[in-house]
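Report on the structure
These are the residues of each chain, in order.
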Amino acid sequence: MSLSPSQTSELHERLEAEYLDALENQTIFIFREAYRRFENLAMLWSIGKDSTAMLWVARKAFFGRVPFPLVHIDTSLKHPVMLTFRDKIAREWKLELLVGQNKEALAGGMGPSKGRFECCTALKTNALQQMIDAHGFKGIFLGIRRDEEGSRAKERVFSPRDRDFQWNFKDQPPELWDQFNTAYGDDTHVRIHPILHWTEMDIWRYIRRERIPVCPLYFSDGTRRYRSLGCVPCNSPFPSTAGTVDEILAELERTSTPERAGRAQDHEKAYMMQKLRSLGYM
Amino acid sequence: MDISAAMPKPPAEPALRIVIVGHVDHGKSTLIGRLFFDTGAIPAERQAEIERTCQAQGRPFELAYLMDALEEEREQNVTIETTQTRFRSSRRGYVIIDAPGHREFLKNMVTGASEADAAILIVDGEEGVREQTRRHAYILSLLGISQVVIAVNKLDRVGFDRGRFDAVTADAVHFLHSIGLTAQFLIPISAREGDNVVRRSERTHWYSGPTILEALDAFSPATLDRLRPPRMPVQDVYRWDDRRRYVGRVESGTLRRGDPVRFLPSGRVSRIRAIERWPDDGVPQASAGTCVGIMLEDEVYVEPGEVMAPLHDCPAAAVEVHASLFWMGREPLEAGRRYGFKIGTADASAEVVAIEERLDPASLELKERYAQKLLESEVGRIVLHLDHPVAADSFELNPKLGRFVLVDQGVVRGGGIVRSLSLADGARPRRVIRLDGRLLADPSGMLVDLRNESGDLELAADETFLARIRAGERIALRFAGMRPFGAFLNWAWEHFVPFSFRREQEGVWVSLGAPEYASLRDHYQDGPGI
């Protein structure tokens, strides 16, 4: 049996729709489970494509509203385009936006010149910790994905951190049949990963289908674009002419370069991400 | 011109998630490496790197090292959690859920395999079925993974001897049948040399079945949940925008606007007014897997944890659960103690009334009856008493509402499947046996063996089972007594299933489908009648 080209593309469309539906449903289920089980939730929004797509699914889970605040950790080194995009979306989607910043470290002159590991820890991890302490958040939604990077592949959907922010990846409880571990002591906060099972391609396909607005830095200015958004000094664009979501998807089909290749902190030294993450990095 | 560039790209097909299990050193890592290697999933620089390492150490290039090299954790000596890796066939993508063997293996295998659509059980052709082969197969059966390939490996070491392959598969199939598991494919391979993994081997001329990759391609990631009775566990109730929305995921079957529904265990009744999937205000129906918001025609008080079901096809409101359980806690499970019990979206407190059977985790033989404790990594049959009624199905009828976890100090420590239930009013619901779930493949045809079943039964089968009968496949049933046979008669009557019947000393044989029946009917239709 062979299919005509139009039948083939129809079949492909249907399969893609079912596939994206399944990813979306799982994410909605996780959102609602967390919302039911935890008081005082917040979502970390990096302004990147992943957490923006995740935010879109949150609106689906809660019928158009987002019933918890969005936290953006502003290292003061972010591209101004990101901040403009952030404020526009926050206004249009009626989000409660909390911006966190480690002012003390910045006043002390913290920056990547003091060491990338130190800088990420101070301006991101510690800023987040200050935010969590100040608001008493018990659960934080994070848009990380298993396929991004080795230490993230080992994550659970509900992943506790102790008072010192430590992640004990050597002894994680089993997670099965969507019965998540949601009862923890008062001295922990829980990282919740609603899009852990998505891939980079999935995110872009979903953005295309749902027409989700994403930060303009992902699209080529004619010669270069960003594949992953970070701080200006530690994140480099790469040569690309992909100016639309379709062109980005076509480009990703061809590439074998890892997604985070432009992120300097991943390459600083061996296992830096694992070390950063065990200390509470996202 | 490159035509392939103009064609639509392969779709984002649902990837099939597979788990590879088997006894230590029977070749799991080599098989994974081979699948990666032969499907071109390994980046060239990585392959070169491994070749250099092997050369430097004076070893031949071994596929098993490939997996090692892909795990930075190996060097780090970090205990490895389940890792996921991907490859593609021409048909679809695959995710291998790999849980390398070590002390924490069971916990990780369960976490990984509980997400799997299909499994490859690998058996060394020289050594045959061993302890872990049996144990892993048993866990597959507990997790309800029914798409299974048996790969008999290392056949290059026995000269691709057919007799050896037959002996090992007979042994494996026999054990699988004893735990209610059926392998759809039995494949002779050498993972090391690549025979019948991705490439068809010329050294197994006596074998005409599929390769491993072809067998995987024949499986389906779609579960049969849609064909099972409609159920939606209520996850939460949102009271916003002057609306009361009962949110949840339809776990099985299909719910439609206008359906009369009942909530269990409360027994409250209403009708579906609207099914919401934002930004869509009203969709006509929702099938298994879909997260929705339901609005009812009446304002009924329903709590999260209750299950919404059709008025006349409800789950049981259970207070007593008979179950098979695997225990993963470092502290043993103790008879007489209470644990958290989670099923669907419901929570309860459960007392372990009895550990009826404690099985040896290696051999799966009965170790102790009415035990006091179940140790880490052990499996057993237990009886739980719940502090309040909870909606549940038997695992056989509906896996999604027939499996639960036990929680100790807030952490999941055990996974179980419901064998049978007792209702809140003390009655036992009629036990439902799914014929499709009991179908054993056999060279001479297919068999459903119900000789161990007794008591008040009801038989059920899905559409694929009925289609097989219509297609003329040979399916036989065996019963020991009159009552199960009576249940069969009810089922055959309801579904217009023809059969022939033979009574023997030790029971009853039934053969489904009766080609001669049609000619009989034609014969009498024109005649005087009987």
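Residues numbered from 1 in each chain as written. Chains lettered and ligands numbered in written order. Predicted model: local features only at pLDDT ≥ 70, side-chain atom pairs only at ≥ 80, totals over all residues. Heavy atoms only, no water.

**A look at the overall build of chain B**
Threshold: Strands are runs of DSSP state E lasting at least 2 residues, helices are runs of H or I lasting at least 4, and numbering of each runs from the N terminus. Remark: exposure states derive from per-residue accessible area (1.4 Å probe, protein chains only) relative to the maximum for the residue type, with buried under 20%, exposed over 50%, and partly exposed in between. Any two residues whose heavy atoms approach within 4.5 Å at even a single point are treated as in contact.
Assigned secondary structure in chain B consists of twelve helices and 30 strands. Expressed as a percentage of the 530 residues in chain B, the buried residues total 52%. Put simply, of all contacts in chain B between residues at least 6 apart along the chain, 69% involve residues at least 24 apart.

**A look at the sheet that holds strand β8 (residues 243-249) of chain B**
Residue and element names in this part refer to chain B. Keep this limit in mind: Only strands joined by at least two bridges in the DSSP assignment are considered to pair. Helix axes use the C-alpha atoms of the stretch in contact, all axes being lines fitted to C-alpha atoms, and the angles between their N-to-C directions lie in the range 0 to 180 degrees.
One closed barrel holds the six strands; their spatial order is β7-β8-β13-β11-β10-β14, and the pairing between them is antiparallel. Sheet twist, expressed as the mean angle between neighbouring strand axes with direction ignored, is 50 degrees. Here strand β10 (residues 260-264) pairs with strand β14 (residues 307-310) via four bridges, running antiparallel. Across the sheet, the residue bridging to F263 is M308, located in β14.

**Topic: the sheet that holds strand β1 (residues 41-44) of chain A**
Residue and element names in this part refer to chain A. An order of β3-β2-β1-β4-β6-β5 is seen for the six strands of this open sheet, with the pairing classed as mixed. In the strand order of this sheet, the two ends are held by β3 (97-100) and β5 (158-161), each with one partner. Direction aside, neighbouring strands of the sheet carry axes that sit 30 degrees apart on average. Of the strand pairs in this sheet, β1 and strand β2 (residues 70-73) are connected by two bridges, and their pairing is parallel. In the strand pairing of β2, L44 is matched with V71. Across the sheet, helix α2 (residues 49-61) touches β1, β2 and β4 (139-141), and the angle it forms with β1 is around 145 degrees. The sheet strands contacting helix α5 (residues 116-135) are β1, β2, β3, β4 and β6 (189-192), and the helix crosses β2 at an angle near 145 degrees.

**A short note on the packing of α2 of chain A against helix α7 (residues 200-210) of chain A**
All names here are of chain A. Our working rule: Relative orientations are named as follows: roughly parallel for angles under 35 degrees, roughly antiparallel for angles over 145 degrees, roughly perpendicular for angles from 65 to 115 degrees, and oblique for any other angle. Left-handed describes a crossing whose near helix is turned anticlockwise from the far helix by less than a right angle; the clockwise case is right-handed. Throughout this entry, Asp, Glu, Lys and Arg are counted as charged residues, while Ala, Val, Leu, Ile, Met, Phe, Trp, Tyr, Cys and Pro are counted as nonpolar. The remaining residues, Gly among them, count as polar.
Contact geometry for α2 and α7: axes closest at 10 Å, N-to-C directions at 55 degrees. By the angle class used here, α2 and α7 are oblique. Taken as a pair, α2 and α7 cross one another with a handedness that is left-handed. Packed against α2, whose contacting residues are K49, D50, A53, W56, V57 and K60, the element α7 presents E200, I203, W204, Y206, I207 and E210 at the interface. Split by residue class, the contact of α2 with α7 holds seven nonpolar, no polar and five charged.

**Re α7 of chain A**
Residues and elements named next belong to chain A. The buried fraction of α7 amounts to nine of the eleven residues, a majority that puts the element mostly inside the structure. All of the buried residues in α7 are E200, M201, D202, I203, W204, R205, Y206, I207 and E210. One or two steps after α7, the chain reaches R211, where phi turns positive at roughly 55 degrees.

**Regarding the nonpolar core**
This is how the line gets drawn: Take the buried residues of types Ala, Val, Leu, Ile, Met, Phe, Trp, Tyr and Cys, join any two whose side-chain atoms come within 4.5 Å, and each joined set is a nonpolar core. For each domain, the first and last residues come from an automatic or database assignment.
In terms of nonpolar packing, the biggest core is built from 68 residues, with I18, L31, L35, F87, I120 and I212 of chain B touching the most fellow members. Formed jointly, this core draws a minimum of three residues from each of two domains, domain 1 (10-218) and domain 3 (316-423) of chain B. Setting aside anything within four residues of it in sequence, one finds L35 of chain B in contact with I20, F87, I96, V197, V198, I212 and L213 of chain B. Judged by nonpolar contacts, the second largest core, of 62 residues, contains I28, F158, W204 and L217 of chain A.

**What about the packing of aromatic side chains?**
For the record, the criterion: Pairing of aromatic side chains requires ring centres within 6.5 Å, counting the rings of Phe and Tyr and the six-membered ring of Trp. Pairs whose planes differ by under 30 degrees are stacked, by over 60 edge-to-face, and all others tilted. Lysine NZ or arginine CZ positioned within 6 Å of the ring centre and within 35 degrees of the ring normal marks a charge as sitting over the ring.
Within the structure shown, the criterion is met by 34 aromatic pairs over all chains. Through a chain of ring-to-ring contacts, the aromatic side chains of F31, Y35, F62, F63, F68 and F141 of chain A together with Y238 and W240 of chain B assemble into a single cluster. Between the NZ or CZ atom of R59 of chain A and the centre of the ring of W93 of chain A, over which it lies, the distance is 4.3 Å. Taking the ring centre of F29 of chain A as reference, the NZ or CZ of R249 of chain B above it sits at 3.9 Å.

**Considerations on the layout of surface pockets**
All names here are of chain B. Operational definition: For cavity detection a 1 Å grid was placed over the protein atoms alone, and a set of points counts as a cavity when a 1.4 Å probe fits there but cannot get out; an open set counts as a pocket when protein lies on both sides within 12 Å along at least five of seven lines, with lining residues being those that have an atom within 4 Å of a point. Grid points are joined across faces, edges and corners, and a volume is the space filled by probe spheres set on the points.
There is about 820 Å³ of room inside the second largest pocket. For the lining of the second largest pocket, the secondary structure elements donating two or more residues are β23 (411-423), β24 (431-434), β27 (457-460), α10 (463-470) and α11 (482-495). Per element, the largest residue contribution to the lining of the second largest pocket is five residues, and it comes from α11. When the residues that make up the lining of the second largest pocket are grouped by side-chain class, the tally is 17 nonpolar, five polar and twelve charged.

**Describing empty space enclosed by the protein**
A full pass over the atoms with the stated rule returns eight cavities of 30 Å³ or more. Roughly 160 Å³ of internal volume is contained in the second largest cavity. Looking at side-chain class alone, the lining of the second largest cavity contains four nonpolar, three polar and six charged residues.

**Concerning the side chain of S324 of chain B**
Residue and element names in this part refer to chain B. Note the following rule: What qualifies as a polar contact is a pair of N or O atoms within 3.5 Å, subject to a donor-acceptor requirement within protein and to the restriction that residues adjacent in sequence count only when both atoms come from side chains.
Checked against the element boundaries, S324 lands in strand β15 (residues 316-327). By relative accessible area, which is 0% here, S324 ends up buried. A distance of 2.7 Å separates polar atoms of two side chains, one belonging to S324 and the other to R419. In this structure S324 touches Y138, L142, G380, R381, G415, G416, I417 and R419, once residues within four positions along its chain are discounted.

Just distances and angles here, no functional claims.
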